[in-house]
Structures are given as structure tokens and as C-alpha cells.
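Okay, here's what each chain looks like letter by letter:
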Amino acid sequence: QVQLVESGGGLVQAGGSLRLSCAGSGRTFSNYAMGWFRQAPGKEREFVAAISWSGGSTNYADSVKGRFTISRDNAKNTVYLQMNSLKPEDTAIYYCAAYIGSITTPDYWGQGTQVSVSS
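Being a predicted model, the structure only gives us computed values, none of them experimental.

Enquirer: Please clarify how the overall build of the protein should be interpreted in this entry.
Expert: Within the protein, the secondary structure is distributed over zero helices and eleven strands. Walking the protein from its N terminus toward its C terminus, one meets helices and strands in the order β-β-β-β-β-β-β-β-β-β-β. On C-alpha atoms alone, the protein measures out to a radius of gyration of 13 Å, which is about the 14 Å that the 2.2 N^0.38 rule sets for 119 residues. When its C-alpha atoms are laid out on the principal axes, the protein stretches across 40 × 25 × 25 Å.

Pasting the structure below:
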């Protein structure tokens, strides 16, 4: 079992920044890849970013490339999502996820944290 707890969401004006954190527990954090997803009202959950177990490889959705940065600190069992130049369309609930058995489909999810961007 893996437990994931997100934090850092909030309300920000367009052009602003936020940093989300996700603390993991229950299994050796450095053994698995992590990702961030988001779900806007009335839309399906979508992929945002992912990072390999070592942090040496990252992947981003086209919509956030150049604005968002995913990183991890395995000593703190935490993954981060730095979000800059935020846009109103970034408004969503953001979820972190752990890839345990598959590199394509997460096995565990956090409860989500709300990010709201005002215009």
C-alpha cells in the first residue's frame, strides 16, 4: 500500500506561481515513478507530468511544457510540481499518483488539492 498526500493548492491570479507537494509513505518511495494529473470541472482527468524513480527522466503534457516543473526529493519522500505563469485554464483539482506495477497506469492516487487561477 502507498499513501499519498498532496498540499500547496490555493487561489492565485493569472501569471502567478504555486508549488504543489505530495508526500508518499507505505513503500520505498525511491523505487517507483511518480506523476501529477488534474481534473477540471466537467472534464476527464488528464496527465500533467511524470518523473522517474531517480528523477533523471521527466515527461510533460504539451499544455504545461515550459511552465511547470516536476521534481522529487527521495530523502523526503516527496514529489513537487512547480507551476509558473499560471492560466485560468489550469484551474483544476491536482492529484499525485504512484506508478508501482506499470509505467503507464498509476496504481495509487492522492486525495487531490484544488488549484484555482483567476483572470
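Enquirer: Which parts of the structure should I look at to understand the state of the cysteines?
Expert: Working definition: the covalent bond between the sulfur atoms of two cysteines is a disulfide. In this structure the tally under the stated criterion is one disulfide. Shown here is the disulfide that connects Cys-22 with Cys-96, its sulfur atoms set 1.9 Å apart. Negative torsions about the S-S bond denote left-handed disulfides, and the value of about 45 degrees found for Cys-22 with Cys-96 makes this one right-handed. Of this pair, Cys-22 sits in strand E3 (residues 18-25) while Cys-96 sits in strand E9 (residues 92-99), and the two are 74 residues apart along the sequence. What makes Cys-22 buried here is its relative accessible area of 0%.

Enquirer: I keep staring at the sheet that holds strand E8 (residues 78-83) and nothing clicks. Help me out?
Expert: Strands belonging to one sheet form pairs held by backbone hydrogen bonds; the direction of such a pair is parallel or antiparallel. Strand order in the open sheet made by the four strands is E1-E3-E8-E7, with antiparallel pairing throughout. Both outer strands of the open sheet, strand E1 (3-7) and strand E7 (68-73), are each paired with one neighbouring strand and no more. Taken over all neighbouring pairs, the strand axes of this sheet differ in orientation by 15 degrees on average, direction set aside. In terms of strand pairing, E7 meets E8 through six bridges, oriented antiparallel. The residue bridging Ser-71 from the neighbouring strand is Tyr-80, located in E8.

Definitions and cut-offs
- Here the residue numbers are simple positions, counted from 1 along each chain's written sequence.
- In keeping with the model being predicted, local features are shown solely for residues with a pLDDT of at least 70 and side-chain atom pairs are shown and tallied solely at 80 or more, while totals for entire chains, interfaces and linings include all residues.
- Side-chain metrics in this entry use all non-hydrogen atoms of the structure; hydrogen atoms and water are not considered.
- Here a strand is any run of E in DSSP of at least two residues, a helix any run of H or I of at least four, and the numbering for each starts at the N terminus.
- We take the radius of gyration over the C-alpha atoms and set the globule estimate at 2.2 Å times the residue count to the 0.38 power.
- Two cysteine sulfurs form what is called a disulfide whenever their separation falls within 2.5 Å.
- Only protein chains enter the area calculation, which uses a 1.4 Å probe; residues under 20% of their type maximum are buried, those over 50% are exposed, and those in between are partly exposed.
- Being paired, for any two strands, means DSSP has found at least two bridges between them.
- A fitted line through C-alpha atoms serves as each axis, taken over the contacting stretch for helices, and the angle formed by two N-to-C directions is quoted from 0 to 180°.

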